[in-house]
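Given next are the chains, with one letter for each unit.
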Amino acid sequence: MHIAMIGAGYVGLTTSTCLAKLGHVVWCHDIDLERIERIEAGDIPIFEPGLAEAIMDVRESGNLHFSASAASTVADATAIMLAVGTPSRPDGDIDITQVESAARLIAPHLASGAVVIIKSTVSVGTSRRIREAIAETRGSLDFSVASNPEFLREGSAMADFLYPDRIVIGADDRHSAQVLQAIYAPLVKQNDVPILLTGTANAELIKHAANAFLALKIGFINDVANLCEEAGADILEVAQGIGLDHRIGSNFLMPGPGYGGSCFPKDTRAFAATARRHNAPQPLIEALIARNDERKAQLARRVINVAGKRSARVCILGAAFKKNTDDVRESPAITIIAELLNAGLKVAAHDPQARRNAERLLPAACWADCPYEAARESELVVIATEWDDYRELDLPRLASLMSGRRVFDFRNVLDPAAAQAAGLDYWGIGRAKAPARRLRASAGTGSPAFDRSVAAPGLL
Ligand code: UGA
C-alpha cells in the first residue's frame, strides 16, 4: 500500500521505517526541511537502537522515501498518517495545533477514499475534530479519519512495532477499518498479533489510559520502596513477590527516581485534564502526578543533605530519562542535577548518549567523557539512569577516584555486596536505610531483611 507519513520525528520515523519493512511504500514528509535533508544525507536526528541501519535498508529497497513536498507525499496515498508533536497546554491537556495544521496542509491533496490516521497521542475527541477541520475545505470529498495509537517505547521502538502486544484500530466506518487492517495484515500474519477493532474515541482513550495505568504502577512501587526503606525490607524482593501474581505482572515495578520522558508526564497530565473537562475527575492520577514531581525533589534533597557543605562535588551518572535513549525530556536526572546546582553544589555528570542534549539544558554542570572522570574527587556518586555501562562499573577503581565513599543508586543497578566490598557506602532505592551498618550487624547475610544463611532469596 502507498502510505504517507506527516512528521519525521521519533514516532513518524520509526513507524515509516517499520511499515516499509513490512512491504509498504512509504513517503515521509516533515515541515522542517532541514530535518528531511539531514535524514536523506544519512544523518538520523534521533538515537534509537537499530533505526539508522533499518532506514538505510528500506531506502535501498525502494520502500521508504522522504519528500520536502506535502502535496507529492500525499497525492497517491491510500492512507495518510499524522505523527506530529502534541505538546502540553498550560492546563495540562494536549495542544493539537500541530495535528490541525497538518490536517489542513494535506486536505487539498487528499484523493477520494483517503484515510487520515492519527498516530500522535491525542485526547479523546480529537479524531472527530480533525474530521471537521478537513471537511471545512473538502466537504464534498469521500474521506475518513481514524485513530491508531502507537505503543512504542524509546530504546526498543523497532521491536515494539514489529512484536506488539496488540494493535488498536480506532475506526468509525468500515472503509477505514479495512484500510488499517490491510496495513497491519503482514504483521498479523508474521507474528500472530491480536488486533482490537474499535471506535476512534475508544482508541484515543486506550492510549491515554494505558500510559496512565503504567505510570500508576511506577508511582505505587516508588511509594512501597519508601516504606521498605523505613521498615527494613527489600523492594526488589517485594516487587518480585507482587509481580508473580499474574493479575499484577512483573513489568513496570522497578522503583526509581520517578517516571520521565516525553510520554508519561505529558499523558498523565492530559488524561487528568481531559477527565476534568468531561466532569469525570481522576483523583488517583492527579495524586500520582503530584507524587512523581515530589519524588524527584525528595531524592535531590537526600543528596543535598548528605553532600553537606556547599560547593561539595557530586557526580551524577546518567542524564537520559531511561537507558538506550538520548532523550532528556522531563528526565528525573535533569531535575536532580538542576536542584543540586541551585543548592550550590558542584556537579560533574556523565551520560553515554544524552550528553549533548543534557549539556544544552545544564551548561553549569561539568560534563565528563567517562564515568570515572566524572567521579574523580567527588564526595558522592549518584546513579540516575540505568545504563548497562554503570552496571559494569569497576567499583574499586570508582572508589579509589572519589574523595568520599557514598553511592546513591537510584536505579538499583549495582550489587550492594560488591559495592561494599569495594569500600563504598552503598544506598539503593527501597533497600533499607543505612545498609552498610545493618549488614555488618547481620553478619554478611546480604539483604538486611533476609537471612541468607537459611536460604538464598528468590524462587526456589
Ligand atoms: C511509554 C510507554 O511505555 C509506551 O508504550 C508508549 O507508546 C510511549 O510511552 C508513548 O506514549 O509514546 P517511553 O516513554 O518510551 O514509553 O518509556 P518507558 O519505558 O515506558 O518508561 C517511562 C518512564 O518510566 C521512564 O522514566 C522509566 O525510567 C520509568 N520506569 C519504567 C520506571 O521508573 N520503572 C519501571 O518499572 C518502568
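One structure accompanies this document, and this report is about it. (Residues numbered from 1 in each chain as written. Predicted model: local features only at pLDDT ≥ 70, side-chain atom pairs only at ≥ 80, totals over all residues. Heavy atoms only, no water.)

## Some details on unusual backbone geometry
Apart from glycine, the bulk of residues carry a negative phi angle, and the bulk of peptide bonds sit in the trans form.
Item 1. Positive phi outside glycine occurs at asparagine 324, with the angle close to 65°.
Item 2. Mapped onto the elements, asparagine 324 comes out in the loop between β9 (313-317) and α13 (332-342).
Item 3. In the Ramachandran plot, glutamate 330 falls in the positive-phi region, its phi being about 50° despite a non-glycine side chain.
Item 4. Position of glutamate 330 among the secondary structure elements: in the loop between β9 and α13. (Helix = DSSP H or I, 4+ residues; strand = E, 2+ residues; numbered from the N terminus.)

## A closer look at the site of the ligand
Item 1. As a matter of local geometry, the ligand sits amid 19 residues, with Glu150, Glu154, Lys207, Asn211 and Met254 nearest to it.
Item 2. Take glutamate 150: an N or O atom from its side chain is 2.8 Å from an oxygen atom of the ligand.
Item 3. A distance of 2.7 Å separates an oxygen atom of the ligand from a polar atom in the side chain of asparagine 211.
Item 4. When the free accessible area of the ligand is taken as 710 Å², the share hidden by the protein chains comes to 92%.
Item 5. Only α9 (200-231) and α11 (264-277) provide two or more residues apiece to the shell around the ligand.
Item 6. Residue contributions to the shell around the ligand peak at three residues, all from α9.
Item 7. Taken together, the residues of the shell around the ligand break down into 10 nonpolar, two polar and seven charged. (Near = heavy atom within 4 Å. Polar contact = N/O pair within 3.5 Å; in protein donor to acceptor, adjacent residues only side chain to side chain. Areas by Shrake-Rupley, 256 points an atom, 1.4 Å probe, with all protein chains shown as cover. Nonpolar A, V, L, I, M, F, W, Y, C, P; charged D, E, K, R; others polar.)

## Some points on the packing of helix α5 (residues 97-106) against helix α6 (residues 126-138)
Item 1. Contact geometry for α5 and α6: axes closest at 9 Å, N-to-C directions at 35°. For the pair α5 and α6, the crossing hand works out as right-handed. Residues Val99, Glu100, Ala103 and Arg104 of α5 form the contact with α6, whose participating residues are Arg129, Ile130, Ala133, Ile134 and Glu136.
Item 2. Across the contact of α5 with α6, the residue classes tally to five nonpolar, no polar and four charged. (Axes fitted to C-alpha atoms, helices over the stretch in contact; angles between N-to-C directions. Left-handed = near helix turned anticlockwise from the far one by under 90°. Contact = heavy atoms within 4.5 Å.)

## A look at the pairing of strand β2 (residues 25-29)
Item 1. As paired strands, strand β1 (residues 2-6) and β2 are joined by five bridges and run parallel to one another. Residue pairing for β2: alanine 4 is matched across the bridge by tryptophan 27.
Item 2. Once the chain exits β1 it traverses helix α1 (residues 10-21) before rejoining the sheet at β2, and the crossover so formed is right-handed.
Item 3. By the bridge criterion, four bridges tie β2 to strand β3 (residues 64-67) in an arrangement that is parallel. What sits directly across from cysteine 28, in β3, is phenylalanine 66. (Pairing = 2+ DSSP bridges. Right-handed = clockwise from strand over helix to strand, strands pointing away.)

## Comments concerning the pattern of salt bridges
Item 1. Taken as a whole and assessed by the stated rule, the structure comprises 24 salt bridges.
Item 2. Aspartate 234 is paired through a salt bridge with arginine 431; the nearest N and O atoms lie 3.7 Å apart. Note that aspartate 234 is positioned in the loop between α9 and α10 (235-243) and arginine 431 in the loop between β14 (425-428) and α19 (435-441), a separation of 197 residues in sequence. The pair formed by aspartate 234 and arginine 431 is uniform in burial state, with each residue classed as buried.
Item 3. Between arginine 411 and glutamate 386 there is a salt bridge, and its shortest N-O distance comes to 3.5 Å. (Salt bridge = Lys/Arg side-chain N within 4 Å of Asp/Glu carboxyl O. Buried < 20%, exposed > 50% of the residue type's maximum accessible area, 1.4 Å probe, protein only.)

## Description of the nonpolar core
As a rule of thumb, soluble globular proteins bury nonpolar side chains together.
Item 1. In terms of nonpolar packing, the biggest core is built from 61 residues, with Val314, Ile316 and Phe410 touching the most fellow members.
Item 2. Excluding its chain neighbours within four sequence positions, the residues that come into contact with isoleucine 316 are Ile336, Ile337, Leu340, Val347, Ala348, Ala349, His350, Val382 and Ala384. (Core = buried A, V, L, I, M, F, W, Y, C linked by side-chain atoms within 4.5 Å.)

## Thoughts on the packing of aromatic side chains
Item 1. Evaluated as defined, the whole model comprises six aromatic pairs.
Item 2. Aromatic pair tyrosine 259 and phenylalanine 264: ring centres 6.0 Å apart, planes at 80°, arrangement edge-to-face. You'll find tyrosine 259 and phenylalanine 264 in the same group, each marked buried.
Item 3. Seen in terms of ring centroids, phenylalanine 408 and phenylalanine 410 are 5.9 Å apart; in terms of plane orientation they differ by 50°. Their pairing is tilted.
Item 4. On the basis of relative accessibility, which here comes to 1%, the residue phenylalanine 408 falls in the buried class.
Item 5. Taken together, the aromatic side chains of Phe252, Tyr259 and Phe264 make up a single cluster linked through ring pairs.
Item 6. Its end group placed over the ring of phenylalanine 151, arginine 166 keeps NZ or CZ at 3.7 Å from the ring centre.
Item 7. In this structure, arginine 397 packs its charged tip against the face of tyrosine 372, placed 3.9 Å from the ring centre. (Phe/Tyr/Trp six-rings, centres within 6.5 Å; stacked < 30°, edge-to-face > 60°. Lys NZ or Arg CZ within 6 Å of the ring centre and 35° of its normal.)

## Quick word on the side chain of arginine 411
Item 1. Among the structural elements, arginine 411 can be located in the loop between β13 (406-409) and α18 (416-421).
Item 2. At a separation of 3.0 Å, a polar atom in the side chain of arginine 411 contacts the main-chain carbonyl oxygen of phenylalanine 321.
Item 3. Among the polar contacts listed, one links the side chain of arginine 411 to the backbone oxygen of alanine 384, at a separation of 2.9 Å.

## Brief notes about the environment of asparagine 305
Item 1. Here asparagine 305 lies in helix α12 (residues 283-307).
Item 2. Take asparagine 305: its relative accessible area is 62%, and that puts it in the exposed class.
Item 3. Taking the C-alpha atoms as reference points, asparagine 305 and alanine 399, 94 residues apart in sequence, are found 21 Å from one another.

## Side note on the sheet that holds strand β10 (residues 346-350)
Item 1. Spatial ordering of the open sheet is given by β11-β10-β9-β12-β13-β14, a layout of six strands whose pairing is parallel. For this open sheet the edge positions go to β11 (366-367) and β14, each flanked by a neighbour on one side alone.
Item 2. Pairing analysis gives four bridges linking strand β12 (residues 380-383) to β13, with the strands arranged parallel. Within the sheet, the bridge partner assigned to leucine 380 lies in β13 and is arginine 406.

## Some thoughts on the side chain of threonine 385
Item 1. Its place among the elements puts threonine 385 in the loop between β12 and α16 (388-391).
Item 2. Threonine 385 gets classed as buried once you look at its relative accessible area, which sits at 0%.
Item 3. At 3.4 Å, the side chain of threonine 385 forms a polar contact with the backbone nitrogen of alanine 319.
Item 4. Setting aside residues up to four positions removed in sequence, threonine 385 forms contacts with Leu317, Gly318, Ala319, Ala320, Lys322, Lys323, Ala333, Asp351, Tyr390 and Arg411.

## Thoughts on a negative patch on the surface
Item 1. On the surface, Asp32, Glu34, Glu37 and Glu40 cluster together into a patch of negative charge.
Item 2. Of note, glutamate 40 is situated in helix α2 (residues 33-40).
Item 3. On the accessibility criterion, glutamate 40 (39% relative accessible area) is partly exposed. (Patch = residues over 30% accessible without salt bridge, like charges linked within 9 Å, V, L, I, M, F, W, Y side chains within 5 Å. Lys, Arg positive; Asp, Glu negative; His and termini not counted. Charge placed at Lys NZ, Arg CZ, Asp CG, Glu CD.)

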